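Residue strings, one per chain:
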Amino acid sequence: MAKAKNYSLKFAICFVIAIGFGASVYAAVFCRPNDNVVIFYQHAKYGGVCSVLGIGTYMNSAQMRMKNDTVSSIRVGRNVEVMVCKNASNVAKGSGWFENPNNCQRLRSSMIKLSGSRIGNDSISSAKIVVKRPILRAPGRCYPGDNGRGIAVYQHPNLGGKCKILGFGDYLNSKAMNFKNDTISSIEFG
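Residues numbered from 1 in each chain as written. Predicted model: local features only at pLDDT ≥ 70, side-chain atom pairs only at ≥ 80, totals over all residues. Heavy atoms only, no water.

(A) Local environment of the environment of Pro144. Among the structural elements, Pro144 can be located in the loop between β7 (126-131) and β8 (150-156). When the C-alpha positions of Pro144 and Leu166 are compared, they lie 7.9 Å apart, and in sequence the two are 22 residues distant. (Helix = DSSP H or I, 4+ residues; strand = E, 2+ residues; numbered from the N terminus.)

(B) Seen up close, the pattern of salt bridges. Across all of its chains, the model carries two salt bridges by this definition. We note a salt bridge from Arg106 to Glu81, for which the minimum N-O separation is 3.5 Å. Pair noted here: Arg106 is in strand β6 (residues 104-107) and Glu81 is in strand β5 (residues 80-85), with a separation of 25 residues, a long-range link. Owing to a relative accessible area of 35%, Arg106 belongs among the partly exposed residues under this scheme. The partner of Glu81 in a salt bridge is Arg108, and the shortest N-O contact between them spans 2.5 Å. (Salt bridge = Lys/Arg side-chain N within 4 Å of Asp/Glu carboxyl O. Buried < 20%, exposed > 50% of the residue type's maximum accessible area, 1.4 Å probe, protein only.)

(C) Quick peek at the state of the cysteines. Within this structure, the stated rule accounts for two disulfides. Here Cys31 pairs with Cys50 through a disulfide, and the sulfurs are 1.6 Å apart. Here the disulfide of Cys31 and Cys50 is right-handed, its torsion about the S-S bond being about 95°. Placement of the pair is Cys31 in the loop between α1 (2-30) and β1 (38-43) and Cys50 in strand β2 (residues 47-53), with a sequence separation of 19 residues. You can call Cys31 buried: its relative accessible area is 5%. For Cys50, a relative accessible area of 6% translates into the label buried. Between the sulfur atoms of Cys85 and its disulfide partner Cys104 the distance amounts to 2.2 Å. Across the S-S bond of Cys85 and Cys104 the torsion is about 105°, and the bridge reads as right-handed. Pair noted here: Cys85 is in strand β5 and Cys104 is in strand β6, with a separation of 19 residues, a long-range link. We note that Cys85, like Cys104, is buried. (Disulfide = S-S within 2.5 Å.)

(D) Summary view of the sheet that holds β1. Here we have three strands laid out as an open sheet, ordered β2-β1-β4, and antiparallel in their pairing. Each edge of the open sheet is held by one strand with a lone partner, namely β2 and β4 (73-76). Mean inter-strand twist for the sheet, computed between neighbouring axes without regard to direction, equals 20°. Relative to β4, β1 runs antiparallel, the two being bridged by four bridges. Across the sheet, the residue bridging to Tyr41 is Ser73, located in β4. (Pairing = 2+ DSSP bridges. Axes fitted to C-alpha atoms, helices over the stretch in contact; angles between N-to-C directions.)

Spatial relationships are all this shows, so hold off on functional conclusions.
Encoded structure:
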């Protein structure tokens, strides 16, 4: 009888510890990144409950295996890119995704937190994962690289016009980025 009580006490202690560390342990054990998947995380910095998804269309949060509007960070594999949308119906529209550009965002690289992004934190309800398409570049054009260590800012939409590559640092105004005020129209992440 003493052994049974001792076992129950050990189980209860392990259960309490698991509850306290559960989300981070879950993410570390079950959400292993690879080049061909996208991982959606409940918390920023790749923490909490997560869902590993391969190439395909996920029309709603149930298909994404996440609660609706709970995604706070995303890990994108090297061989894929993902279109994430706020409204579950948008992902089915294909080329019509950009009818309202504020509802969807294409990600070619990981985002440690979604707050401050166009799609926003805790707002994703659908996604489409595809093989990463090469970006055709004219000679001499900006390219921030795929290492996540810089961005390119462009004067015109769709990565057009004058451009400048910016590395880590503080850019307190547009002059620090070599642009006139209110003239940056698109950004490309490395």
